[in-house]
Amino acid sequence: MSTLPPDNRPDPDRLLAHVQADEKQRLRGHLKIFFGYAAVVGKTYAMLEAAHQRKAEGVDVVVGYVETHDRVETENMLKGLEVIPRQTITYRTIQLPELDIDKILARKPQLVLVDELAHTNTPGSRHGKRYQDVEELLSAGIDVYTTLNIQHLESLNDVVAQITGTKVRETIPDSVIDEVTDIELIDLPTEELLNRLKEGKVYVPEQAGRAIEKFFRQGNLTALRELTMRRAAERVDDQMLSYMETRAIPGPWAAGERLLVCISPGEVSERLIRTARRLADELKAEWYAIYVETPGQAGMSTDQRDRVHRMLRLAEDLGAKSISLPGQSVVETVTDYARSHNVTKIIIGKSRRSHWYELLRGSVSDQLIRQSGPIDVYFVNSEAQASFKQSERLWQPHRPWRRYIWSIALVAAATGICGLVAPYISPTNLVVIYLLSTVVAAIFLGRGPAILASFLSVATFDYFFVPPQLTLAVTDTEYILTFFGLLSVSLVISYLTAQVREQAEAAQRREAQTAALYELGHDLTATVGLEAVAKTIIAHISQTFSREVAIFLPESGQLRLYNASPGLVVAENELAVATWAFEHGQIAGRGTDTLPDASMHYQPLKTTHGVIGVLGVKPANPNSYMSPEQRRTLDTFVNQVALAIEGARLAEQARQTELLEATEKLQTALLNSISHDLRTPLVSITGALSSLEEASPALDEEVRRSLIETAGEEAERLNRLVGNLLDITRLEAGAMRLHCEACDVQELIGSSLEQIGTPLKNRQVKVEIPPKLPLVPLDFVLFSRVLVNVIDNALKYSPPDKPIDIKARVSNHSLEITVADRGEGIPAGDLEHIFDKFYRVQRPDNVSGTGLGLSISKGIVEAHGGTIRAENRRGGGAIITVRLPLEGIETNE
Amino acid sequence: MNDIGLRVLVVDDERAIRRYLHAALNAQGYTVYEASGGKEALNMVVADRPDLIILDLGLPDVDGVEVTRQLREWTPIPIIILSVREQESDKIAALDAGADDYLTKPFSSGELMARMRVALRRSLQTAAEPVFKMDNLNVDLTRRQVKVAGEEISLTPTEYDLLRILVQNAGRVLTHRQMLRQVWGSAYESEAHLLRVNMSNLRRKIEPDPTRPRYIITEPGVGYRLRAEA
């Protein structure tokens, strides 16, 4: 939006904004405010009246919080409406009733009545302010009726204070009103209001007297009434404008105006901001609040930093775009920004600096006027208000007092040196030594101590070395010039040196932050996996901000602590605050308006996919808050963090989906395979049995025998399969424990062949075992199962007339048993898969097998710390090699 | 070799298995008694005085191993274990408790009948036959003489002792522990490697092909058995 719309056609951006706002509005509840100019005009009554009407229309209405002030008429109006019980919050020793937002959310009515929008909640409530409660209700899609008095509106707060002389503490941001669907002005002539008061209809009598005196004066009320009507009218005007914009109705386009208000750490800023808001409202202008951080301000106290931050937030609350910009000069930065953003008016506070200071440094106002060109510059008077405490003096030292002691010591040292050399040089030249001490103070101790040194130098020089000595009196008027020279030179030097130093420091700090950010980005790119990413983030943030960090991520819909700095304990109620931040996508906790009692500051991690988690930051020192600069850096960090975590999550999800798909595929295959393998033998067995049962006499002996044999073989096969399934289950459940004993390899092979039994009949098996093989520690039973499976496999996949070769030998400190056949061999693509579960090499002559044998073998061999592999044999056939490391075993007994 | 009229007690909690055994054993001429639990079995052994017990391990009340132990306190009646438990430790426990043999379900009735015959023969003949003959192997315990294919071979004293106890228990499983105890003494019960080395040597001397033993069968993880019938 860097250029003004050339004509009155609807700006696409604006239209889009309208559409989005409409969309938001549809999901949100509607807010209606009963708006009045004083406490007694009958807002609550009007609200209840409207509620009854809605109820009669069939709307589900409940009362969330209504303050009747014991007024009978109001209490009568409550009858017939469902009232949600309030919650009681204990603050110190007092029990205070508050709106029970959770109950309302749980009840989920269509419309809820919540009195006194500007109310400040008891500490310990979820939100600091009631309007935030209302905001949450609206977000939940519940309509809200509420009441509000004009003096509680942030931008009019100071105007009302001027009119009535009372400053109201409870305020709400104007943006709340701007988003309101409906405002109903509740008006009452001032005389009538005063009558009501006198009749005691409103406040309890003793309060009424004071209240009338202070607030309810005819003049006040009339002014407030006018103000209220104007504000309500403005709102209507806004709606009208908005309507015209969307429909391209030509009208008084005021969008061309843009205001910029400059914030300084001084108190004037608050007033400045409110003024800017009013002006912006009147001009229907966009407005910016900017704070320029110059190197000279690097040494600002934390109080001042906090104030700047507060001011920026206030401006944001009032609808401004707030920005804090680093820059060498306030004037240049402001004018550059104003020009690049088509600002038409700059508002700045009138300087309260001394004339001397301005002569020395030039006035910001003058420079601004000179440099601003076509932009109007407005000055706002800073009105000294008694209610504001002057907490910061211009030169108030915020450095440790020790530095001042050092500067005194420096001057003392200079005096000592001067005392030593005084007999040899003229007093005027001693001045140089004092100047030197000032320079040293400026370089190493900062501005304040250097100034102290300047003055001390002049004083001591006068006292010790200017005749008459040991008095401050001066006889030779020439020395006055020396004094003046010494003082001004040392002041200038100290100022300039200190400024250079501070600039360097500020640059260093900024560079450190940029470097930190760069490092985080760099480390994050190099990190794979959510857990590692989280660890990197925590390490970087806690290092950069010297704070403890916690990352919260949702897990099956619920926010959980994912990872945190070592030793950081996150209590249940802290998690609740984090959850709030997560659900609402807003900052919460320490240093914010929402649940500020929390010990951590919670920042939602937002990406284009919404809020993906929450980052919690806890300062080491409970009293330290972040400077705006740190906050800005943290914001940048948070953006990077959000992106990194989202990236890691997506990657993980993709991997898991892949894994899940693979597992699913495998499981389907597994089930298919098992059901096939289990059923096939059963089919043969039941088939054989039923034939024998039904057609027994008709069958000749041979057929009967063959049927029985088939059934027997198939039962055997079924038994083998079940055994294999049990084995693989045991292996996978880790329930297969090895009982290793020294075993004879020859016996092992013999026993395996024995176990195979029948299929080995009429098959040539060549066994080659060297005579002096050592005993090998292994689980005899399990290992013979390996060999049974491997040999069985060789039998199945090679023709019956070809021999099976079994060899055992010891080489390279390991036992090697090979089983080789002369079959077709294994297709190259299958070599690495044959040990997979349920994997069978496809053969035309469907070989019966479970596809489990080799995978069980592999499991058992690996449990022994060995390896098993398959390869094709030279000259045809396959060869399977089992290798078992022999550690610490002599090759001979 | 039909021992008609011999009484067999079948102890199993599965009705289907009792039914099948009843039919199979009846067909072979045995008189069959059935018990479905350990306590009932113990009572019936006293009351019906069977000649052999076929015992399941997983009984609902008393475990089969415990039943075996209790029986062995007062009777040498042959006990054949029939169980689905295929863990070697279960087999060893039952055999060490005094069971004569062990068969894992499922089993063929032929196998069962053979084991029963071995067990019955051992219990009915008080003394073991002094001469064992099978294929080319000839062992004469009275003369301490071992011949393979008619030629006398020399065995070390340990090898001979091993062969002797196998012959004395021909057809029956001997656990490693039982063999170690009988040949070396109870202090050597866990020295399995002694047994393996000597068995390996013994086999090399008497077996025609030690990698495919004919006479001495390895019961994996449990022990050894001398094949009794061809």
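These figures come from a predicted structure and were not determined experimentally.

So what about the overall build of chain A? Which residues, and what values?
Counting its regular elements, chain A contains 26 helices and 25 strands. Across the 893 residues that make up chain A, the buried fraction comes to 34%. Put simply, 70% of the contacts in chain A that link residues at least 6 apart link residues at least 24 apart.

I'd like to hear about the environment of V131 of chain B, residue by residue, with values.
If you trace the backbone, V131 of chain B turns up in strand β6 (residues 131-134). Distance in space between the C-alpha atoms of V131 of chain B and V167 of chain B is 8.5 Å, their sequence separation being 36 residues.

Which residues make up the sheet that holds strand β4 (residues 79-83) of chain B, and what are the values?
Residues and elements named next belong to chain B. Read from one edge of the open sheet, five strands run β2-β1-β3-β4-β5, paired in parallel fashion. Every interior strand has two partners, whereas the edge strands, β2 (31-35) and β5 (101-104), have only one. On average, each strand axis in the sheet is tilted by 20° relative to the strand beside it, whichever way the strands run. Pairing between strand β1 (residues 7-11) and β2: five bridges, direction parallel. Paired with V10 across the bridge in β2 is E34. Across the face of the sheet, helix α5 (residues 109-124) comes into contact with β3 (52-56), β4 and β5 while running at roughly 175° to β5.

I'd like a description of the interface of chain A and chain B, backed by residues and values.
In this complex, chain A contributes 19 residues to the contact, which on the side of chain B involves 15 residues. Breaking the side of chain A that touches chain B down by element, the ones donating at least two residues are α23 (701-732), β19 (741-743), α24 (745-756) and α25 (780-796) of chain A. It is α24 of chain A that provides the largest number of residues to the side of chain A that touches chain B, a total of seven residues. Classifying every residue of the side of chain A that touches chain B by side-chain character gives 10 nonpolar, five polar and four charged.

A description of the nonpolar core should follow, citing residues and the corresponding values.
Across soluble globular proteins, nonpolar side chains have a tendency to be buried as a group. Residues V11, I54, I81 and L166 of chain B are the most contacted members of the largest nonpolar core, which totals 55 residues. Residues within four places of I81 of chain B in sequence aside, it is in contact with L55, L57, G64, A94, A99, D101, Y102 and L103 of chain B. Counting residues in each nonpolar core, the second largest holds 52 residues, with Y37, A38, I142 and L156 of chain A among its members.

Provide a residue-level description of the sheet that holds strand β11 (residues 321-326) of chain A, including the pertinent values.
Residues and elements named next belong to chain A. Read from one edge to the other, the open sheet built from five strands follows the order β11-β10-β9-β12-β13, with strand pairing classed as parallel. Two strands lie at the open edges of the sheet, namely β11 and β13 (376-380), each paired on one side alone. Going from strand to strand, the sheet's axes swing by 25° on average, the running direction of each strand aside.

Residues and numbers for the packing of helix α2 (residues 38-48) of chain B against helix α3 (residues 64-72) of chain B, please.
All names here are of chain B. Remark: α2 packs on α3, axes separated minimally by 10 Å, with the N-to-C direction vectors making an angle of 25°. Taken together, α2 and α3 sit at an angle that is classed as roughly parallel. The two elements α2 and α3 meet at a crossing, and its hand is right-handed. Each of G38, A41, L42 and V45 in α2 lies in contact with α3, whose residues at this interface are E66, V67, Q70 and L71. Split into classes, the residues belonging to the contact of α2 with α3 amount to five nonpolar, two polar and one charged.

Hey, could you go over the pairing of strand β11 (residues 216-219) of chain B for me, with residue numbers and the actual values?
Residues and elements named next belong to chain B. Note: β11 against strand β12 (residues 223-226), four bridges, orientation antiparallel. Across the sheet, I217 pairs through a bridge with R225, a residue of β12. In this structure, the hairpin formed by β11 and β12 is closed by a connection of three residues, where G221 is found at a positive phi of approximately 75°.

Can you tell me about the packing of helix α16 (residues 402-421) of chain A against helix α18 (residues 447-465) of chain A, naming the residues and giving the values?
Residue and element names in this part refer to chain A. Two numbers describe how α16 lies on α18: the axes approach to 9 Å, and their chain directions differ by 30°. When the axes of α16 and α18 are compared, the pair comes out roughly parallel. Here the hand of the crossing between α16 and α18 comes out right-handed. Of the residues in α18, those in contact with R403, Y404, W406, S407, I408, L410, V411, A414, T415 and C418 of α16 are G448, P449, A450, L452, A453, L456, S457, T460, F464 and F465.

I'd like a rundown of α2 of chain B, residues and numbers included.
Residues and elements named next belong to chain B. Those residues of α2 not exposed but buried are G38, A41 and V45. In a view along the axis of α2, the buried residues occupy a sector of 55°, so they form one face of it. When the buried face of α2 is taken as reference, the exposed residues oriented beyond 90 degrees from it are N43, V46, A47 and D48. One or two steps after α2, the chain reaches R49, where phi turns positive at roughly 45°.

Got a sec to walk through unusual backbone geometry? Specific residues and values, please.
Backbone phi values are negative for most residues with the exception of glycine, while trans is the configuration of most peptide bonds. With an omega of -5°, the peptide bond running from K105 of chain B to P106 of chain B counts as cis. Here P106 of chain B is to be found in the loop between β5 and α5.

Conventions used here
- Per chain, residue numbering runs from 1 following the sequence as it is written.
- Chain labels run from A onward and ligand labels from 1 onward, assigned in the order the entries are written.
- In view of the model being predicted, local features appear only for residues whose pLDDT reaches at least 70, and side-chain atom pairs are presented and counted only at 80 or more, with totals across whole chains, interfaces and linings using the full set of residues.
- Labels follow the DSSP assignment, with helices taken as runs of H or I lasting at least four residues and strands as runs of E lasting at least two, numbered in each case from the N terminus.
- Three classes are used. A residue is buried when 20 or more other C-beta atoms lie within 10 Å of its own, exposed when 12 or fewer do, and partly exposed in between, with C-beta atoms placed from the backbone.
- Here, residue contact means that the backbone-derived C-beta atoms of the two residues sit within 7 Å.
- At least two DSSP bridges between two strands are required for those strands to pair.
- Every axis corresponds to a line fitted to the C-alpha atoms, with the helix fit spanning only the stretch in contact, and the corresponding angles, defined between N-to-C directions, vary from 0 to 180 degrees.
- Amino acids outside the nonpolar list (Ala, Val, Leu, Ile, Met, Phe, Trp, Tyr, Cys, Pro) and the charged list (Asp, Glu, Lys, Arg) are all regarded as polar, and Gly is one of them.
- The nonpolar core is taken to be a set of buried Ala, Val, Leu, Ile, Met, Phe, Trp, Tyr and Cys residues joined by way of C-beta atoms within 7 Å.
- For classification purposes, angles smaller than 35 degrees are called roughly parallel, those larger than 145 roughly antiparallel, those between 65 and 115 roughly perpendicular, and all remaining angles oblique.
- Crossing handedness follows the turn of the near helix against the far one: under a right angle anticlockwise gives a left-handed crossing, and clockwise gives a right-handed one.
- Read the arc as the range of directions from the helix axis to the C-beta atoms.

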